[in-house]
Amino acid sequence: MTKEIYFDHSATTPVRPEALEAMTEAATACYANPSSGHAAGRRAAAALARARRQVSDALGAREGEIVFTSGGTEANNLAILGRAAAKERFAGGRIVTSAGEHASVEEPLRLLEARGFEVVRVPTRGGALDLDALARACDKRVFLVTVMAVNNETGAVYDLAAAARIVRERCPDALLHTDATQAYLKVPCSPADTGADMITLSGHKIGAPKGVGALWLSPAVKKTRGIAPRALGGGQEAGLRCGTENMPGICAFGAAAEAGAREAAEAARAADDLRRYLIDRIHENCRDVLTHLPARPAPHILSLSIRGLPGETLQNFLSSRGVYVSSGSACSANAKTPRASAAMIAFGLSEAEARTAVRVSLGASNTREEADVLVELLR
């Protein structure tokens, strides 16, 4: 069999050895319930606290609370729906977001719209958050602003620091949430970098297994009871995500975060070098291949298309040759009614053009030799 080439790291990543080791240890030697009062339970509680510190330290968050969830989708739902349910006075209020958000943000917002809330979507043409439009949308009715740190399809890095300044000035009682699943350990996304009050993270994007994520909350969110729980029960995770914790997944997440943080700067440089090399080779050899380049690109994501060719067709062709890329967001692949990518349309493509886009997302295993194979197949 021809060697497979995996260019879909933004959909999911291989499990890191450090994460696998931590997961196995948690499942075998540290299997007790961390809520139990006996010695074995206390050992599990200590392992849970360690993982919480590892994930928080890798984020660059010295204060605040890490709430573990089943993944980025649940963390986004907790942030958005939990904020909307936190205070009766929020009913019918305004939420501001960016055009082209991930489905796990957009779908909860649509649910709230159906319940009478107002949602304003700020343009992101060319991969830049329209800060003037954001300022116009932010007034005293706004109780939540949710803007992703890195767009999962275009690779656009949004200027969250500027957005945070606008939010603090125009609607200081609002919370700023960011889905940082594509930013964590790839571009700076700490609370200091983003100004965010809530930050969504996902384990399987950084070498942990699937089924574990986290929502970071600032001290102010907890102090003011700024969000309400979506699952009630035994009071786990500061009462915001009840249910016995997934200890193998959480310990693996912590180990992957700690190991990834040590390598993050060098990994980002290597990914950016490879992304630039790939762009140059495409422009030199493939005149009918379009690269969709945002104003501020993340180092690991490249969106491209061949004129007139459906992205799904290109994806299937490459897959038949053992090269794996993504057509649209993997999390939207099971939608009952597939739509042209909202992220690519918000970027500035027509609906027909958006259907041609595929995403190449890079990881530590990728090489220039693999990039050359992709270019030859595109050619």
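Residues numbered from 1 in each chain as written. Predicted model: local features only at pLDDT ≥ 70, side-chain atom pairs only at ≥ 80, totals over all residues. Heavy atoms only, no water.

1. A short note on the overall build of the chain
Keep this limit in mind: Segments assigned H or I by DSSP are reported as helices when at least four residues long, segments assigned E as strands when at least two residues long, and all are numbered from the N terminus. This radius of gyration counts C-alpha atoms alone. The globule rule is 2.2 Å times how many residues there are, raised to the power 0.38. Throughout, a contact is declared for two residues whenever any of their heavy atoms are within 4.5 Å. Here the positive residues are Lys and Arg and the negative ones are Asp and Glu; neither His nor the chain ends is included. One atom stands in for each charge, and that atom is NZ of Lys, CZ of Arg, CG of Asp or CD of Glu.
Counting its regular elements, the chain contains 13 helices and twelve strands. Taken over the C-alpha trace, the chain has a radius of gyration of 21 Å; the compact-globule value for 379 residues is 21 Å, and the two agree within 12%. In terms of principal-axis extent, the alpha carbons of the chain reach across some 60 × 50 × 35 Å. For the chain, the share of sequence-separated contacts (at least 6 apart) that also reach a separation of at least 24 residues comes to 73%. With 45 positive and 42 negative side-chain charges, the chain shows a separation of 4 Å between the mean positions of the two kinds.

2. Focus on the pattern of salt bridges
Applicable threshold: Only one rule defines a salt bridge in this text: a Lys or Arg side-chain nitrogen within 4 Å of an Asp or Glu carboxyl oxygen. Relative accessible area decides the class of each residue, using a 1.4 Å probe on protein chains only: under 20% of the type maximum gives buried, over 50% gives exposed, and in between gives partly exposed.
Tallied over the entire structure, the rule returns 24 salt bridges. One salt bridge in this structure joins Glu118 and Arg141, with 3.7 Å as the shortest N-O distance. Placement of Glu118 in strand 4 (residues 118–122) and of Arg141 in the loop between helix 5 (131–137) and strand 5 (142–146) is noted, with a sequence separation of 23 residues between them. The partly exposed category is assigned to Arg141, whose relative accessible area is 47%. Linking Arg275 and Asp272 is a salt bridge whose minimum nitrogen-to-oxygen distance equals 2.8 Å. One end of the pair, Arg275, and the other, Asp272, are both in helix 9 (residues 247–285), three residues apart, so they sit about a helical turn from each other. Relative accessible area serves as the criterion here: at 5%, Arg275 is assigned to the buried category. What makes Asp272 buried here is its relative accessible area of 17%. Here the salt bridges do not stand alone but share partners, grouping Glu106, Glu107, Arg110, Glu113 and Arg121 into one network.

3. As for the pairing of strand 2 (residues 65–69)
Where we set the bar: Two strands make a pair as long as DSSP finds a minimum of two bridges between them.
Buried residues dominate strand 2, accounting for five of its five residues. Of the two faces of strand 2, the one lined by Glu65, Val67 and Thr69 and the one lined by Ile66 and Phe68 are each fully buried. Pairing of strand 2 with strand 8 (residues 213–217) involves five bridges; the strand directions are antiparallel. Across the sheet, the residue bridging to Ile66 is Trp216, located in strand 8.

4. Some remarks on helix 10 (residues 311–320)
Note the following rule: Starting at the helix axis, one direction is taken to each C-beta atom, and the arc is that of these directions.
Along helix 10, the residues that are buried comprise Gly311, Leu314 and Leu318. End-on view of helix 10: buried residues confined to an arc of 60°, all on one side of the axis. At its buried positions, helix 10 is contacted by strand 10 (301–306), strand 11 (323–324), strand 12 (358–361) and helix 13 (368–378). Looking one or two residues past helix 10, Gly322 carries a phi angle of roughly 80°, positive in sign.

5. Here we look at the packing of helix 2 (residues 39–59) against helix 9
To keep things clear, this is the line we draw: Axis definition: a line fit to C-alpha positions, over the contact stretch in the case of helices; interaxial angles, taken between N-to-C directions, run 0 to 180 degrees. By convention the crossing between two helices is left-handed if the near helix lies anticlockwise of the far one by an angle smaller than a right angle, and right-handed if it lies clockwise. Side-chain classes are defined by residue name, with Ala, Val, Leu, Ile, Met, Phe, Trp, Tyr, Cys and Pro counting as nonpolar, Asp, Glu, Lys and Arg as charged, and the others, Gly among them, as polar.
Packing of helix 2 against helix 9 leaves a shortest axis separation of 8 Å and a crossing angle of 35°. Of the two possible hands of crossing, helix 2 and helix 9 adopt the one that is left-handed. Counting all contacts with helix 2, which are made through Ala44, Ala47, Leu48, Arg50, Ala51, Gln54, Val55 and Ala58, the residues of helix 9 involved are Met247, Ile250, Cys251, Phe253, Gly254, Ala255, Ala257, Glu258 and Ala261. Looking at the contact of helix 2 with helix 9 residue by residue, the class counts come to 13 nonpolar, two polar and two charged.

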